[in-house]
Amino acid sequence: MKKIFLAFFVCIGLPIMLLAQTDKVFLHNGNTMEVSVKSISSGLITYSYPNEVMTQEISAQQVEKIVFSSGRTQQISEKIIINGKDDWEKVIITTNEADIIGLVRKGDIKGTWTGSSLSGTAKVQEKAEREAKQNAAKLGAHVIFVQTYDTRQAGGMNAVTGFGQNAKAAVRGVAYGYE
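What you see is a predicted model, and the numbers here were worked out from it, not measured in a lab.

Student: Would you explain the packing of aromatic side chains in this entry?
Tutor: By convention here, two paired aromatic rings are described through the distance between centres and the angle between planes. Taken as a whole and assessed by the stated rule, the structure comprises 1 aromatic pair. Note on Tyr 47 and Tyr 49: the rings are 5.6 Å apart at their centroids and 85° apart in plane angle, and the pair reads as edge-to-face. According to the relative accessible area criterion, Tyr 49 is partly exposed, its value standing at 33%. A cation over an aromatic ring shows up here: Lys 65 above the ring of Phe 26, its NZ or CZ 5.0 Å from the ring centre.

Student: Teacher, can you tell me more about the sheet that holds strand S6 (residues 73–75) here?
Tutor: For sheets, the rule is that strands pair by backbone hydrogen bonds, running either parallel or antiparallel. In space, the 6 strands of this open sheet follow the order S4-S3-S2-S1-S5-S6, with antiparallel pairing throughout. Looking along the sheet, the strands with just one partner apiece sit at the ends: strand S4 (56–59) and S6. Recorded for the sheet is a direction-independent mean angle of 40° between the axes of neighbouring strands. Bridge analysis of strand S3 (residues 44–48) against S4 gives 4 bridges, and the strand direction is antiparallel. Bridging across to S4, Tyr 47 finds its partner in Gln 56.

Student: What is the right way to read helix H2 (residues 121–138) from this model?
Tutor: Given 3.6 residues to a turn, an α-helix orients residues that are three or four positions apart in the same direction. The end-to-end C-alpha separation of H2 is 26 Å, in line with the 26 Å expected for 18 residues at 1.5 Å each. Where H2 is concerned, the buried positions are Val 124, Ala 128, Ala 132, Lys 133, Gln 134, Ala 136 and Ala 137. One or two steps after H2, the chain reaches Gly 140, where phi turns positive at roughly 80°.

Student: I tried to follow the side chain of Thr 22 on my own but got confused; where do I start?
Tutor: For Thr 22, the position within the fold is in the loop between helix H1 (2–19) and strand S1 (23–27). Judged by its relative accessible area of 12%, Thr 22 falls in the buried class. At 3.4 Å, the side chain of Thr 22 and the side chain of Glu 34 are in polar contact. When neighbours within four sequence positions are excluded, Thr 22 is seen to be in contact with Glu 34, Val 35, Pro 50 and Ser 69.

Student: Please explain the pairing of S3 as it appears in this structure.
Tutor: Successive side chains on a regular strand alternate, one facing one side of the sheet and the next facing the other. Burial analysis of S3 places 5 of its 5 residues in the buried class, which makes it a mostly covered element. Across the two faces of S3 the burial is the same, with Leu 44, Thr 46 and Ser 48 and Ile 45 and Tyr 47 all buried. Alignment of strand S2 (residues 32–41) against S3, held across 5 bridges, turns out to be antiparallel. If you follow Ser 36 over to S3, its bridge partner there is Ser 48.

Student: It is not clear to me how the environment of Ala 136 should be interpreted in this structure. Could you clarify?
Tutor: Inspection of the secondary structure puts Ala 136 in helix H2. The spatial distance from the C-alpha of Ala 136 to the C-alpha of Asp 87 is 9.7 Å, given a sequence separation of 49 residues. The residues touching Ala 136, leaving out its near neighbours within four places in the chain, are Val 91, Ile 109, Ala 141, Ile 144 and Ala 175.

Student: How should I be thinking about the nonpolar core in this particular structure?
Tutor: One recurring pattern in soluble globular proteins: nonpolar side chains tend to sit buried together. In terms of nonpolar packing, the biggest core is built from 24 residues, with Val 91, Ile 100, Leu 103, Ala 136, Ile 144 and Tyr 176 touching the most fellow members. At the level of elements, H2, strand S9 (143–152) and strand S12 (168–177) are the ones that each hand at least two residues to this core. Membership of the second largest hydrophobic core comes to 12 residues, among which are Val 25, Met 33, Ile 45 and Val 63.

Student: What is the right way to read the environment of Val 25 from this model?
Tutor: Locating Val 25 in the fold gives a position in strand S1. Owing to a relative accessible area of 1%, Val 25 belongs among the buried residues under this scheme. On a C-alpha basis, the gap between Val 25 and Lys 65 in space is 6.2 Å, while along the polypeptide they are 40 residues apart. Not counting residues up to four positions away in its chain, the partners in contact with Val 25 are Asn 31, Thr 32, Met 33, Val 35, Val 37, Val 63, Lys 65 and Ile 66.

What counts, and where the lines are drawn
- Counting restarts for each chain, with residues numbered from 1 along the sequence as it is written.
- Note on the predicted model: pLDDT of at least 70 is required for a residue's local features to be given, and 80 or more for side-chain atom pairs to be given and counted; whole-chain, interface and lining totals, by contrast, use all residues.
- Excluding hydrogens and water, the side-chain figures rest on all heavy atoms present in the structure.
- Ring pairs are drawn from Phe, Tyr and Trp, using the six-membered ring of Trp, whenever the two centres fall within 6.5 Å, and their geometry is named by plane angle: stacked under 30 degrees, edge-to-face over 60, tilted for the rest.
- Categorising residues by exposure relies on relative accessible area from a 1.4 Å probe, with only protein chains included: less than 20% of the type maximum marks a residue as buried, more than 50% marks it as exposed, and the intermediate range marks it as partly exposed.
- Two limits define a charge over a ring: the Lys NZ or Arg CZ must be within 6 Å of the ring centre, and within 35 degrees of the ring normal.
- When DSSP finds two or more bridges between a pair of strands, those strands are recorded as paired.
- Here a strand is any run of E in DSSP of at least two residues, a helix any run of H or I of at least four, and the numbering for each starts at the N terminus.
- Lines fitted to C-alpha atoms define the axes here, with helix axes fitted over just the stretch in contact, and angles between the N-to-C directions of these axes take values from 0 to 180 degrees.
- Expected helix span is taken as 1.5 Å per residue step, with the number of steps being one fewer than the number of residues.
- Definition of a polar contact: a pair of N or O atoms within 3.5 Å, with one able to donate and the other able to accept a hydrogen when the atoms are protein atoms, and with sequence-neighbouring residues admitted only if both atoms are side-chain atoms.
- Only heavy atoms enter the contact rule, under which two residues are in contact if any of them lie within 4.5 Å.
- Working definition of a nonpolar core: buried Ala, Val, Leu, Ile, Met, Phe, Trp, Tyr and Cys residues. They are joined through side-chain atoms within 4.5 Å.

Read these as geometric descriptors, not functional statements.
Dropping the structure here:
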């Protein structure tokens, strides 16, 4: 009888216990992953699937929370909801590739702005970023991965017109969202 109980435990009970050892990662797109979380650092969550050694990474931007096998819950990030152009202020601009791992590419975006010959570079760049964020929000994206920043300071006289050059700024990148 003891051997039958032991065999039953090994065949049925042990796999259930091993399955219960997984952590649950809740994503902002509504999906849940049952994995073993290895580390959380620098905006990345490293994990592996059950019975696998190879690790994977996902951006913390995608993860709402993790419920560890111990029962402890850790909040990771708030979901950014973009309903259209008016939500442009919620859009995040980043140059860190880790921030976009696992997000879905929505499209290429740009923002450009030209100021007067008296405009400061920072102000012109701020307006170019605003335009880029508005364009990303139109696509339903909440993150812009910036590929290039181009700025030109105002000043210097134009030989043809005799006027000073206008300050210009351009931001080019790729917009990403949860799904």
